[in-house]
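# Remarks on the overall topology
So the chains spell out like this:
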Amino acid sequence: MKRVLLLSFALVFALLQQVHAQSTTVSGRVTDQATGAGLPGVSVIVKGTTVGATTGADGAYAVSVPQGGNALVFRYIGYANVERAIGNASTINVGLSVDDKQLSELVVVGYGVTTEKLSTQSVATVDAESFRNTPLTSPQQLLQGQAAGVQMTNSSGVLGAASSVRIRGAASITAGGDPLYVVDGVPLNNDDSYSFNQGGAAGLNPLLNINPNDIESMSVLKDAAAVAIYGSRGANGVVLINTKSGSKNQKTVVSFDYFTGISEPTKLLKYMSAEEYATFRNTYGAAQNPNFTPATYDLTNTYDWVDGVVQTGRVNSYNVSARGGNEKTTFYIGGTYSDESGFTIGNELEKLSGRINLKHDVTENVEVGVNYSLSNSDMRRVGLENSTAAPLTGAYLQSPFMTPYGADGQFQNTGFIVNSIAQEALTKNDFNLMRSTGNAYAQITILEDLKLKTDWGIDLLETDAKFRNPDLLRPGGYGYRSNISDNKWLVTNTLHYNKFLAESGHTFGLLLGHSYETSRFDDILVEGSGFASDDLPNVASASTPISTSASGTEWALESYFGRVNYDYNSKYLFEATLRRDGSSRFGADYKYGTFYAASAGWVLTEESFLQNANFLNFLKLTSSYGTAGNDQIGNFAYIGLFAGGGGADYNGQAGLIPTTVPNPQLRWEETAQFDVTLNATVFDRLDLEVSYYNKETVSLLANQPYPYTTGFASATRNVGEMRNRGVDLMITSRNIATEDFQWTTNLNIGFLDNEILSLPANKDAEGRDFLTGSAAQRAIVGEDLNTFYLVRYAGINPETGNAQWLTKDGEITTTYASSDAVIVGSAIPDYTGGFTNTFRYKAFDLNAFFNFSYGNKVLIDGLRFTENPAGAFNKSTDLLDYWTPENTDAFFPALSSPTAPFFNRLSTSQLQDGSYLRLKTVSFGYNVPAAILSKTRVFSTARVYLLGQNLWTLTSDDFRGPDPEVSASGGNNQAVGESFFALPQPRTITAGVNLTF
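Residues numbered from 1 in each chain as written. Predicted model: local features only at pLDDT ≥ 70, side-chain atom pairs only at ≥ 80, totals over all residues. Heavy atoms only, no water.

## Things to note about the overall build of the protein chain
Each helix and strand counted, the protein chain has nine helices and 52 strands in total. Relative to the globule expectation of 30 Å for 997 residues, the C-alpha radius of gyration of the protein chain, 33 Å, shows essentially globular dimensions. Dimensions of the protein chain, computed from C-alpha atoms along their principal axes, come out at roughly 140 × 70 × 65 Å. Burial status across the protein chain gives 51% buried among its 997 residues. In the protein chain, the proportion of contacts linking residues at least 24 apart, taken out of those at least 6 apart, comes to 69%. When the accessible surface of the protein chain is totalled, it reaches about 43,200 Å², and 55% of it is carbon and sulfur. Counting 70 positive and 97 negative side-chain charges, the protein chain places the centres of these two groups 7 Å from one another. (Helix = DSSP H or I, 4+ residues; strand = E, 2+ residues; numbered from the N terminus. Rg over C-alpha atoms; globule rule 2.2 N^0.38 Å. Buried < 20%, exposed > 50% of the residue type's maximum accessible area, 1.4 Å probe, protein only. Contact = heavy atoms within 4.5 Å. Areas by Shrake-Rupley, 256 points an atom, 1.4 Å probe, with all protein chains shown as cover. Lys, Arg positive; Asp, Glu negative; His and termini not counted. Charge placed at Lys NZ, Arg CZ, Asp CG, Glu CD.)

Shown next, in the form of structure tokens:
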């Protein structure tokens, strides 16, 4: 027995010796090379194996190295990989340096950050470098032409007007089409009713008070895998705005940016001179009516109204920021002031904003932070385009023989078309917008891989609108005062778990969260007329109250969400998301909606069969499927509501009237999306991303028409289905990359096909179900959401000089009839995109950016007025090209033709090809060499630049509008691509300087 025990002990000792000979332990600490701070979560891998470990909170690690292991590889997101030979060392300390290329590949996603390589989501990122030195009124402009599948249309050249942003098409008919904007984790309120209506459908810009200089990056979440984490509000896509921050142990860097510039309209409509106007009116009148008495016009007393309201716009912008940090605290502080006047009189915008972002390590395991922005915007407003009170609208229509001044040299009332010159000088039309947004958070590291974060956010908005017309423009005077507040607060709690198992190559990630948000909207409006004097500006001085209204409403959203991530050896990637939202906008039985997504990815270049494909640097295939929702229908649409006040009284007694049809079955609108994406990098020069998607919306929230006998025009119902499908393509090419010269090209294109699959029963003449979007546009089953439905104009008969139209059956007729309307095109482009070339030669840089749209129609509705031969309105010079026996290829009918009075009727005559190619921006800059700056002992960098915007636009030869980029109906999904004298985009030239200290 003793011999057996001795033999056993000898055997165990020999085995232990063998194990010790086969493996050794190496330990050490990994730090940031620049700051010396320990880096937690660094992957330490024995080269050529799956054996490894991760660093702790202070950067320490210990790894067991098997026999044959000769090197350690250190990997950390945002830092360059480091490889160290082991040799006989038992301790290896490593300092990692920041890798700018890796940082550029970081992707901000919902409630987290990932990398381009490991992401299974379709996310387009626009970083600060891509819009540096570009004068911007609003962050939405950063999206135009920068991300495939994202269509950004400037709704108007009016300062402060909202832009239309659609991500992979509109996912709804009436339940809102704008994406959800999230700033540092705070979803912003987005309501186009923040301003009292001034004649147009385009509301104020929801991002007007966000300073573009404060933005570090914008991430556009496009597919279901990306948006499902935002559940009920992800159907229209999500835009994450990440603001700037400081870095630990960073010397304080102070930046100063200034630019100044001028602007003018890119194009104006054609209009007659006084002499042309007088001649045409008399000639046309005599041709139409033998008994016509020619008018007498005084050619010595005329006025060019367009010249009177168009001016040189000017802008000045100042921005100062500072960022830095020590071992425990980082900070970013920024402030900006800008003062801008548009190219039409009366349109001014002054903005002042400040931001502070702080982050502090209370202990090794507790981090707190705050991101806060306060901004104020003051505007002198003008009437939007759908109003003759808009300066340029009135100027186009005003007779050149109507002058702003009377014989006494004083302003005069010009009747139906407002005296724009007097209005600018005498009318008070001010709008103030104050907004506070921000969040405060605390993050606790419970375990090395487990973190708990609680986040409190706010979005507080206050508006104050003051309008006062003098007695001259409205007898007795008129004024109103409107105050709106929209105050949101939210709380979000999340639990993050990330675990890397170095021995097996498995990485797990888990996110669990709960959020609650609520917002209170209040508005007060007071209108009055009959003022004793124009020197009394306040509505309280009105002798005749017109209306007084006050309302308030509140909504709430409670959410539970989770996400699971897994990857194996950075090769096989999986992700699943689940979110359940409860909205106060639906009844008790349908309050909660569940949304989900699943995605997978395969990094093919990690496979052995592609290891010898030297031309192929990276290849990844991903796919996803999931759902998202939409509840943007206003509050309490499921309840039968009543209203009092004006219109509800009876026989002088107070009363109530029903305003909403009850619908307790009202429920979530849901969009399901399938996506397949291929990412590739070849020859280390060409990056390619191509995605195919199919997005279907069911239970559409739409306004279903009701018989008027019910007392209601329509009611919100879950009716109909719609599909968007298409291809997104993004290409980046590093054409030349030498020490002195670099040339990079970026191209992105988004192809889109939209189709209405079903709608509630409402038949047109052809027996198809449809919903009316505008006088010219319909949603029709089997067609696009934005289908133009118009009478077809067939031109001038060269033999008779008569205008011609087509009947519904396609027969030529000289009788215009609205009942002959048919499908004539779509407002949705076949594709949109952008094309950028960037050149750098030593200290010089040149950037040229084009954006484009193709295949869509636009309705320039103002042509119905400027091409109307009758009436006192001024007219387009195109009407001077009328038919005569010598001019048979004419624009306008013979002046005596019985069809001439009907020429301007709504038809395809006003429908234009909306395709365009625009040189959106071109900039040229010079970076002052460091050798020169070092002598100043003040500046660390300095750059001067010159930039032009909207310098050149290519349209179809027969395009008659001022601008093909129009969407004057704002966020209305049912009426896009329509314009009623919408201001064109401004052509601007700016010069600026960027300095850092």
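## Focus on the side chain of T243
Positionally, T243 belongs in strand β16 (residues 238-243). A relative accessible area of 7% means that T243 is categorised as buried. Side-chain polar atoms of T243 contact the side chain of N357, separated by 2.9 Å. Dropping the residues within four chain positions of it, T243 is found in contact with V183, D184, D214, I215, E216, R355 and N357. (Polar contact = N/O pair within 3.5 Å; in protein donor to acceptor, adjacent residues only side chain to side chain.)

## Things to note about the sheet that holds strand β3 (residues 52-54)
One open sheet holds the four strands; their spatial order is β3-β2-β5-β6, and the pairing between them is antiparallel. This sheet does not close on itself; its edge strands, each paired only once, are β3 and β6 (82-85). On average, each strand axis in the sheet is tilted by 20 degrees relative to the strand beside it, whichever way the strands run. As paired strands, strand β2 (residues 43-46) and β3 are joined by three bridges and run antiparallel to one another. By the bridge assignment, S43 is partnered in β3 with T54. (Pairing = 2+ DSSP bridges. Axes fitted to C-alpha atoms, helices over the stretch in contact; angles between N-to-C directions.)

## Side note on the side chain of Q910
Structurally, Q910 is set in the loop between α8 (863-866) and β48 (911-913). The exposure class assigned to Q910 is buried, which follows from its relative accessible area of 1%.

## What about the nonpolar core?
In this structure, V309, L392, Y396 and F981 are the most contacted members of the largest nonpolar core, which totals 25 residues. Sorting the residues of this core by element identifies α5 (305-309), α6 (391-397) and β47 (857-860) as the ones contributing at least two each. The greatest single-element share of this core, amounting to four residues, is contributed by α6. Non-local contacts of Y396, meaning those with residues more than four positions away in its chain, are made with L268, L269, Y271, V306, N874 and F981. Counting 22 residues, the second largest nonpolar core, distinct from the first, contains F788, W805, Y816 and V976. (Core = buried A, V, L, I, M, F, W, Y, C linked by side-chain atoms within 4.5 Å.)

## Focus on helix α4 (residues 274-288)
One turn of an α-helix holds 3.6 residues; hence residues three or four places apart share an orientation. Taking 1.5 Å of rise per residue, the 15 residues of α4 would be expected to cover 21 Å, and the 21 Å separating its terminal C-alpha atoms lies within 8% of that figure. Those residues of α4 lying buried are A274, Y277, A278, F280, N282, Y284 and G285. (Expected span 1.5 Å × (residues − 1).)

## A short note on unusual backbone geometry
Here S699, not a glycine, exhibits a phi torsion of approximately 50 degrees, which is positive. Of note, S699 is situated in the loop between β33 (686-698) and β34 (701-705). Taking the relative accessible area as the measure of exposure, S699 reaches 18% and is therefore buried. The phi angle at K842 is positive, at roughly 50 degrees, despite the residue not being glycine. Structurally, K842 is set in the loop between β45 (831-841) and β46 (844-854). Relative accessible area serves as the criterion here: at 57%, K842 is assigned to the exposed category.

## So, the pattern of salt bridges
Considering all chains together, one arrives at 37 salt bridges under this definition. Linking R943 and D845 is a salt bridge whose minimum nitrogen-to-oxygen distance equals 2.4 Å. Here R943, found in strand β50 (residues 941-955), pairs with D845, found in strand β46; they are 98 residues apart in sequence, far enough to count as distant. When sorted by exposure, R943 lands in the same class as D845, which is buried. Linked by salt bridges that have partners in common, R168, K222, D675 and D728 make up one network. (Salt bridge = Lys/Arg side-chain N within 4 Å of Asp/Glu carboxyl O.)

## Points about the packing of aromatic side chains
The tally for this structure, following the rule as stated, stands at 40 aromatic pairs. With a centroid separation of 5.7 Å and an interplanar angle of 75 degrees, the aromatic rings of Y61 and F74 are classed as edge-to-face. Of the two residues, Y61 sits in strand β4 (residues 60-66) while F74 sits in strand β5 (residues 71-75), which places them 13 residues apart along the sequence. As far as burial versus exposure is concerned, Y61 and F74 are alike and both buried. A centroid spacing of 6.1 Å and a plane angle of 40 degrees characterise the contact between Y277 and F401, whose relative ring orientation is tilted. (Phe/Tyr/Trp six-rings, centres within 6.5 Å; stacked < 30°, edge-to-face > 60°.)

## Some words on the sheet that holds strand β44 (residues 822-826)
Taken in spatial order, the four strands of this open sheet run β38-β39-β40-β44, and their pairing is antiparallel. Both outer strands of the open sheet, β38 (770-772) and β44, are each paired with one neighbouring strand and no more. Here the strands of the sheet are splayed against their neighbours by 40 degrees on average, with no regard to which way each runs. Relative to strand β39 (residues 777-780), β38 runs antiparallel, the two being bridged by three bridges. Bridge pairing links T772 to R778 in β39.

## Comments concerning a nonpolar patch on the surface
On the surface, a cluster of nonpolar side chains totalling about 450 Å² of accessible area is made up of I333, I356, L358, Y372, L374 and M434. Every element with two or more residues in the nonpolar patch is listed here: β20 (348-361) and β21 (366-380). Within the secondary structure, I333 sits in strand β19 (residues 329-341). Relative accessible area serves as the criterion here: at 42%, I333 is assigned to the partly exposed category. (Patch = residues over 30% accessible without salt bridge, like charges linked within 9 Å, V, L, I, M, F, W, Y side chains within 5 Å.)

## Quick word on the environment of G394
Considering the arrangement of structural elements, one finds G394 in helix α6. On the basis of relative accessibility, which here comes to 0%, the residue G394 falls in the buried class. Through-space distance from the C-alpha of G394 to that of D455 is 50 Å; in sequence the pair is 61 residues apart. The residues touching G394, leaving out its near neighbours within four places in the chain, are T388 and I417.

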